[in-house]
Amino acid sequence: MRHIISILLENEAGALSRVAGLFSARAYNIETLTVAPTEDVSLSRLTIVTTGTDAVIEQITKQLNKLIDVIKVVDLSEAAHIERELMLIKVRATGKDREELKRLADIFRGHIIDVTESTYVIELTASGAKLDSFIQAIDAGLILETVRTGVCGIGRGERILKV
Amino acid sequence: MTMMTGAEIVIRCLQEEKVEYVFGYPGGAVLHIYDALFKQDQVKHILVRHEQAAVHAADGLARSSNKVGVALVTSGPGATNAVTGIATAYMDSIPVVVISGQVPNDYIGQDAFQECDTVGITRPCVKHNFLVNDVHKLALTLKKAFYIANSGRPGPVVVDIPKDVTAAKCKFEYPESIQMRSYNPVVKGHLGQIKKAVHLLLEAKRPMIYTGGGVILANGAEQLTRLVRRLGFPITNTLMGLGAYPATDPQFLGMPGMHGTVEANLAMQHCDVLLAIGARFDDRVIGNPDNFASIPRKIIHVDIDPSSISKRVKVDVPIVGNVPDVLDEMLRLLDAGNAAPDAQALAAWWHEIDAWRAKQCMKYTRKKNVIMPQYVIEKLYEVTAGKAIVTSDVGQHQMWAAQYYKFDEPRRWINSGGLGTMGVGLPYAMGAALQHPDMPIVCVTGEGSIQMCIQELSTAKQFRLPIKIINLNNRYLGMVRQWQEMFYGSRYSESYMDSLPDFVRLAEAYGHVGIRVERPEDVEPALRKAFTDHKDDLVFIDFITDQKANVFPMVAAGKGLADMILTEDL
């Protein structure tokens, strides 16, 4: 099962590598990982997408909580939440493809943020699954480069992760 | 407030923490600290001969007492040599603070002389570590290090200090106590869960209590003994937990696991309610978790570390908390209620256990002309009246010491259970000897293990540590040889050790007393001589033992607990 785990941790040197090291040392899977400071610069918010059985996810959250720099851990996917990921995708845009790519970007609510005679850079923000569909919708031969930030997420409504 | 250098702050913090002994080895990056050490006499420095031994000795001191062990090493190779010691302490949750020197801040990342990424290298084998890049953070960081090392589930903490930080000056302020928003270990167990546990225990028909190193670390032996006696249940202590319950008590079934007794393993396997305390269902204790889980029984697990609960075996009643607190609460609930365990069921259960016990799985055959290793341990137990602190290395001798020396008190048995580090025995004995100058200190070892830290004979001489080294010398890496005999068609690949040193002369070369014992009838006199005539000397007794002796019973790796191989004699 896919899980989105959100972590509040001390914004200290090496804190990220403690989390990443834990996953590799205990053979847990990381699909994506994003991290940045919060409104309180002494805190970082880290989001990890991982997969595993319930027992593995239970161990992951317990082991994360054990790290001294980790303040709070929440499995976002346990309840109502929103997930978003940003993708920048550079495509070959010539001839009739230019129009088609523009249309596709509009359908997916993306923006073309860089235009040259032969290329577009399309910016797209959506759930990870939607970004996957966009990539599939484009002729694979036209894709020049793909950059994804990895998933970040937040609980809906009063579900708040704070110190 | 006076200004102090970083080096002076380090020493001052150690004084504030009432550290009596620091085990270490000087080098470039810690010279300022060694200079500050020189100018005071409150903290005593024990100069080891290899940094690995510094951490082991600090770890041994911690295990034999309730204190944090402290080691001091230089940057680069000093720190990398310490890693085995740190990992050993980590696996057994021992509170140790390791202070390492680092190249100056400006040099970090430049591949400077004796530079290594100590924080990076030690990260997976510490409870926490710090790189202190500013002298103003030094005192607070050391305070945190001691607090983290010795609270919650204890463990080693590394504090890496660049050389310029030890030269820089600032005002010294040491906080009385400390609060960390990211670290708040739980102490009290959940009352509802404890009630549920007590209810289950009282309803049990075939109860069993299984405890590990956590009871020793939390100083919960007294509460445990009261609880076990109160309930009248059988109990087993793991290798790490020996001494938490008196081994000479009839309710004690011996050690469980790969080399556990028949009665302990079968009781673990056939009980209907298992109370696990400060233990972690390790593979060497329960064997294959699938086999263990296939038997329907209720498991109650008390542990300070939530991640130990339901890690290998699914638990029915988890209780996160400090062991003595939880056990006190259980005793209180038992006192408050009138309910008692089902006496009839318990009698029938004990009847079953006694039948397993009657197999006498620890029996071995003595030989006329060859010393059996088990016999040496039995005699050691007699000669020391069971009152020694016994350290061991890793291998067959470790198992025999655990099986045949009966530990009635906690912190008397010191060994590397988790990491299984050969070479710990002698430095562990050094740490214990400094901490307990009036107690007999024994290191049970083998000719393989002892050579992994043999250089410490020199340290033991310098500091006059009257350790008694019991070398069970079978000229084989015995445990490897045993596995090769049993599982590899007796192909003894590299397990025979040729060209061994003359240990008697080696001990003498270091300035100690050496005795060689080759005949069974000389075992006891040699031990008596060592513990009486040479009470104040380090005595190295080289016992030439049976080469083919194996450790039994044995549960092969990956098998279930009921699947025991017994000695040929049974």
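About the cut-offs
Residues numbered from 1 in each chain as written. Chains lettered and ligands numbered in written order. Predicted model: local features only at pLDDT ≥ 70, side-chain atom pairs only at ≥ 80, totals over all residues. Helix = DSSP H or I, 4+ residues; strand = E, 2+ residues; numbered from the N terminus. Buried ≥ 20, exposed ≤ 12 C-beta atoms within 10 Å, placed from the backbone. Contact = placed C-beta atoms within 7 Å. Rg over C-alpha atoms; globule rule 2.2 N^0.38 Å. Pairing = 2+ DSSP bridges. Axes fitted to C-alpha atoms, helices over the stretch in contact; angles between N-to-C directions. Core = buried A, V, L, I, M, F, W, Y, C linked by C-beta atoms within 7 Å. Parallel < 35°, antiparallel > 145°, perpendicular 65-115°, else oblique. Left-handed = near helix turned anticlockwise from the far one by under 90°. Expected span 1.5 Å × (residues − 1). Bend = angle between axes of the 7 residues up to and from the residue.

1. Examining the overall build of chain A
Along the backbone of chain A there are 4 helices and 9 strands. Going residue by residue from the N terminus, the α and β elements of chain A occur as β-α-β-β-α-β-β-α-β-β-α-β-β. With the C-alpha coordinates aligned to their principal axes, the bounding extent of chain A is approximately 55 × 35 × 30 Å. Evaluated residue by residue, chain A yields a buried proportion of 25% over its 163 residues. Long-range pairs, those at least 24 residues apart, make up 72% of the contacts in chain A between residues at least 6 apart in sequence.

2. Considerations on the overall build of chain B
Broken down by element type, chain B carries 22 helices and 21 strands. Taking 25 Å as the expected radius of gyration for a compact globule of 570 residues, we find that chain B reaches 24 Å, a close match to that expectation. Overall, the C-alpha framework of chain B stretches about 70 × 60 × 45 Å when taken along its three principal axes. The buried share of chain B, reckoned over its 570 residues, is 57%. Summarising the internal contacts of chain B: among those between residues at least 6 apart in sequence, 77% fall at separations of at least 24.

3. Section: the environment of Pro 306 of chain B
Looking at where Pro 306 of chain B falls in the secondary structure, it is placed in the loop between strand E12 (298–303) and strand E13 (317–320). For the pair Pro 306 of chain B and Tyr 405 of chain B, spaced 99 residues apart in the sequence, the C-alpha separation amounts to 33 Å. Setting aside residues up to four positions removed in sequence, Pro 306 of chain B forms contacts with Lys 62 of chain A together with Val 320 of chain B.

4. Notes on the pairing of strand E6 (residues 111–115) of chain A
Within E6 of chain A, only 0 of the 5 residues are buried, leaving the element largely exposed. Connecting E6 of chain A to the next strand, strand E7 (residues 119–126) of chain A, in antiparallel fashion are 3 residues.

5. Focus on the sheet that holds strand E5 (residues 96–102) of chain B
All names here are of chain B. Reading across the sheet, the 6 strands line up as E3-E2-E4-E5-E7-E6 and stay open at both edges, with parallel pairing between neighbours. The open sheet has two edge strands with one neighbour each: strand E3 (44–47) and strand E6 (128–131). Here the average twist between neighbouring strands, direction ignored, is 20 degrees. The strands touched by helix H4 (residues 77–91) are strand E4 (69–73), E5 and strand E7 (156–162); relative to E5, the strand with the most contacts, the crossing angle is about 165 degrees. Across the sheet, helix H6 (residues 138–149) is in contact with E5, E6 and E7; its angle to E7 comes to roughly 165 degrees.

6. Focus: the sheet that holds E12 of chain B
Residue and element names in this part refer to chain B. Here 5 strands make up an open sheet; going across it, the order is E10-E9-E11-E12-E13 and the pairing parallel. Across the chains shown, the open sheet's two edge strands, defined by having one partner strand only, are strand E10 (235–237) and E13. Mean inter-strand twist for the sheet, computed between neighbouring axes without regard to direction, equals 15 degrees. Here strand E9 (residues 207–211) pairs with E10 via 3 bridges, running parallel. By the bridge assignment, Ile 209 is partnered in E10 with Ile 235. Contacting E9, strand E11 (273–277), E12 and E13, helix H8 (residues 191–203) crosses the sheet at an angle of about 135 degrees to E13.

7. Describing helix H10 (residues 221–231) of chain B
All buried positions along H10 of chain B are accounted for by Ala 221, Gln 223, Leu 224, Thr 225, Leu 227, Val 228 and Leu 231 of chain B. Downstream of H10 of chain B by one or two residues, Gly 232 of chain B has phi in the positive range, about 75 degrees.

8. Quick look at the nonpolar core
Membership of the largest hydrophobic core comes to 211 residues, with the highest contact counts inside it found for Ala 54, Ala 71, Val 96 and Val 97 of chain B. Per element, the largest residue contribution to this core is 8 residues, and it comes from H6 of chain B. Setting aside anything within four residues of it in sequence, one finds Ala 71 of chain B in contact with Phe 23, Gly 24, Ala 54, Val 55, Ala 58, Ala 82, Val 96 and Val 98 of chain B. Core analysis: the next-biggest nonpolar cluster, separate from the first, contains 9 residues, Met 87, Ile 89, Val 91 and Ala 105 of chain A among them.

9. A closer look at unusual backbone geometry
Residues and elements named next belong to chain B. Residue Pro 553 follows Phe 552 across a cis peptide bond; omega there is -5 degrees. Looking at where Pro 553 falls in the secondary structure, it is placed in the loop between strand E19 (539–544) and strand E20 (554–555). Positive phi, close to 60 degrees, is recorded for Lys 18, a residue that is not glycine. Its place among the elements puts Lys 18 in the loop between helix H1 (6–16) and strand E2 (21–24). Even without a glycine there, the phi angle at Ser 310 is positive, about 60 degrees.

10. Things to note about the packing of helix H3 (residues 51–64) of chain B against helix H18 (residues 425–435) of chain B
Residue and element names in this part refer to chain B. The contact between H3 and H18 brings their axes to 7 Å, and the two run at 50 degrees. Relative to H18, H3 is oriented oblique. Once H3 is placed against H18, the crossing between them reads as right-handed. Counting all contacts with H3, which are made through Ala 53, His 56, Ala 57, Ala 58, Asp 59, Gly 60, Leu 61 and Ser 64, the residues of H18 involved are Pro 427, Tyr 428, Ala 429, Met 430, Gly 431, Ala 432, Leu 434 and Gln 435.

11. Observations regarding H4 of chain B
Every α-helix winds through 3.6 residues per turn, so residues three or four apart in the chain are directed the same way. All names here are of chain B. Here H4 spans 22 Å end to end across 15 residues, near enough to the 21 Å set by a 1.5 Å rise per residue. Of all the bends in H4, the greatest, near 35 degrees, is centred on Val 83. Every buried residue of H4 is listed here: Gly 78, Ala 79, Ala 82, Thr 84, Gly 85, Ile 86, Ala 87, Thr 88, Ala 89 and Tyr 90. Where the residues of H4 are buried, they touch H3, E4, E5, helix H5 (118–122) and E7.

12. Considering the environment of Leu 16 of chain A
Positionally, Leu 16 of chain A belongs in helix H1 (residues 15–25). Residues Leu 16 of chain A and Val 70 of chain A lie 54 residues apart in sequence; the distance between their C-alpha atoms is 9.8 Å.

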